[in-house]
Every structure is written in C-alpha cells, then in structure tokens.
Amino acid sequence: TCAASCHAGKDTASGNSTASAGNDFQAAFFYSDSLLGQLKFFKENEAVFKKKQESMMKELQAKEETMQREVQKLQKNAENMTRNEMENAQKRLGGMERDLMERKEKLSSQFAEETAEFNEALHKKVISYLEEFNATKKYKFIFSVAREGNIFYSDPGLDITNEMVKALNEKYSQ
C-alpha cells in the first residue's frame, strides 16, 4: 500500500534514506503556496505585474472617461446640432467605443501572455532546481502540494519546502 511504501523511503527522525530492496518508492513534497509566498523573484515579479495591471486599468479608465465626456457633450448640444453634425458625432463615439474595446482586448491578451510566460519561466526554474536537488536520484517522485489539491496528508519529514525556498532564493536572487 502507499501508506507503507510512502513512509518506508525515508527515516524521518534522521532524514536518511532507508529504502529497502523490495521498496523502490521514495518521495518528497513541497507546499507550492508556501514556496511562492517566500520566493523573492516571484514576489518581485508579482509586484511588477500588479503595477502593470494598475497602469492598464488607469489607461482604460481614462479612455472611458473621455468617451463619457463626449457622450455628455453630445447630449448637451444635441438640440443645436444639425443632422449631419449629429451623425458625425455618433460615428466618432462609435469609433471611440470600438477603439476602447480593441485596446481592452489587446491589453488583456498582452497581460495574459506575459503572465503565461512568467509562469512558464517560474516552472522551468523550479524544475531545474529539482533536477539539481535530486541529482543523486534519491527521490522517484517530488510532489507539489496545494491546499486545494488532492493530497490530504503527507509526512512532515518528507517536506522539502524550506530547503527549496532557501536554495531558489540564493540561486535566483537579483
């Protein structure tokens, strides 16, 4: 069973591997939320992403406010406008609305792409570290445990989160 074989791979009191000839299942795990919360390069980039997102929101809000002012101006002056002036103003508003929607889509797409690229780079850094960490092939599996994940219990002696945080912060400090 997993309960027997998961714990048989490591003597948690001493931290030494105690695999027996009949048992080839050694595993370790890390808490992904704790890891991300403590990685300097993740927190720094998260702050950069928040600033970008705020900047995008301000830009869109400014464009929306400009468009609203134009709508109010049109409503205020509608009685004194010729039919041709009204049509031109409505076309201009339609163009502003279309430009706003296009810009919103472009910024959203750009942000999603940058986020995906960062997540991929982060994943590669973690995998690269785990390959170095497990160069001795001590572990057959290294799991990422998340609060909303499918692993409900793990032996604290197999937790490598703190070791990963320290090593990754040293390796990727800027």
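First things first, this report covers the structure right here in the doc. On a predicted model such as this, the values are computed, not experimentally measured, just so you know.

1. Focus: the overall build of the chain
Part 1 of the reasoning: Counting its regular elements, the chain contains 5 helices and 4 strands.
Part 2 of the reasoning: Per-residue burial over the chain gives 26% buried out of 174 residues.
Part 3 of the reasoning: In the chain, the share of contacts with a sequence separation of at least 24, taken over all contacts with a separation of at least 6, comes to 75%.
Part 4 of the reasoning: Carbon and sulfur atoms make up 51% of the accessible area of the chain, which amounts to about 12,200 Å² in all.

2. Observations concerning helix 3 (residues 40–77)
Part 1 of the reasoning: Between its terminal C-alpha atoms helix 3 stretches 56 Å, which fits the 56 Å expected from 38 residues at 1.5 Å a residue.
Part 2 of the reasoning: Within helix 3 the residues assigned to the buried category are Phe41, Phe42, Phe49, Met56, Leu60, Met67, Glu70 and Leu74.
Part 3 of the reasoning: Packed against the buried residues of helix 3 are helix 2 (32–38), helix 4 (83–133) and helix 5 (161–171).

3. Remarks on the pattern of salt bridges
Part 1 of the reasoning: Tallied over the full model, the rule gives 7 salt bridges.
Part 2 of the reasoning: Among the salt bridges present, the one from Glu170 reaches Lys166, with a minimum N-O distance of 3.9 Å. Residue Glu170 and its partner Lys166 are both found in helix 5; the two are separated by 4 residues, about one turn of the helix. Lys166 shares its class with Glu170; the two are exposed.

4. So, a nonpolar patch on the surface
Part 1 of the reasoning: On the surface, a nonpolar cluster with roughly 240 Å² of combined accessible area is contributed by Phe141, Phe143 and Ile151.
Part 2 of the reasoning: Position of Ile151 relative to the elements: it lies in the loop between strand 4 (141–145) and helix 5.
Part 3 of the reasoning: Ile151 sits in the partly exposed class, given a relative accessible area of 34%.

5. Quick look at the pairing of strand 3 (residues 27–31)
The side chains of a regular strand alternate between both faces of the sheet.
Part 1 of the reasoning: Counting buried residues along strand 3, 4 of its 5 residues qualify, which places the element largely inside the surrounding structure.
Part 2 of the reasoning: As paired strands, strand 3 and strand 4 are joined by 5 bridges and run parallel to one another. Bridge pairing links Phe29 to Phe143 in strand 4.

6. Looking at the packing of helix 3 against helix 4
Part 1 of the reasoning: Across the interface, helix 3 lies against helix 4 with an axial gap of 10 Å and an inter-helix angle of 175°. Classified by the interaxial angle, the pair formed by helix 3 and helix 4 is roughly antiparallel.
Part 2 of the reasoning: Broken down by class, the residue content of the contact of helix 3 with helix 4 amounts to 17 nonpolar, 5 polar and 11 charged.

Conventions and cut-offs
- Residues numbered from 1 in each chain as written.
- Predicted model: local features only at pLDDT ≥ 70, side-chain atom pairs only at ≥ 80, totals over all residues.
- Heavy atoms only, no water.
- Helix = DSSP H or I, 4+ residues; strand = E, 2+ residues; numbered from the N terminus.
- Buried < 20%, exposed > 50% of the residue type's maximum accessible area, 1.4 Å probe, protein only.
- Contact = heavy atoms within 4.5 Å.
- Areas by Shrake-Rupley, 256 points an atom, 1.4 Å probe, with all protein chains shown as cover.
- Expected span 1.5 Å × (residues − 1).
- Salt bridge = Lys/Arg side-chain N within 4 Å of Asp/Glu carboxyl O.
- Patch = residues over 30% accessible without salt bridge, like charges linked within 9 Å, V, L, I, M, F, W, Y side chains within 5 Å.
- Pairing = 2+ DSSP bridges.
- Axes fitted to C-alpha atoms, helices over the stretch in contact; angles between N-to-C directions.
- Parallel < 35°, antiparallel > 145°, perpendicular 65-115°, else oblique.
- Nonpolar A, V, L, I, M, F, W, Y, C, P; charged D, E, K, R; others polar.

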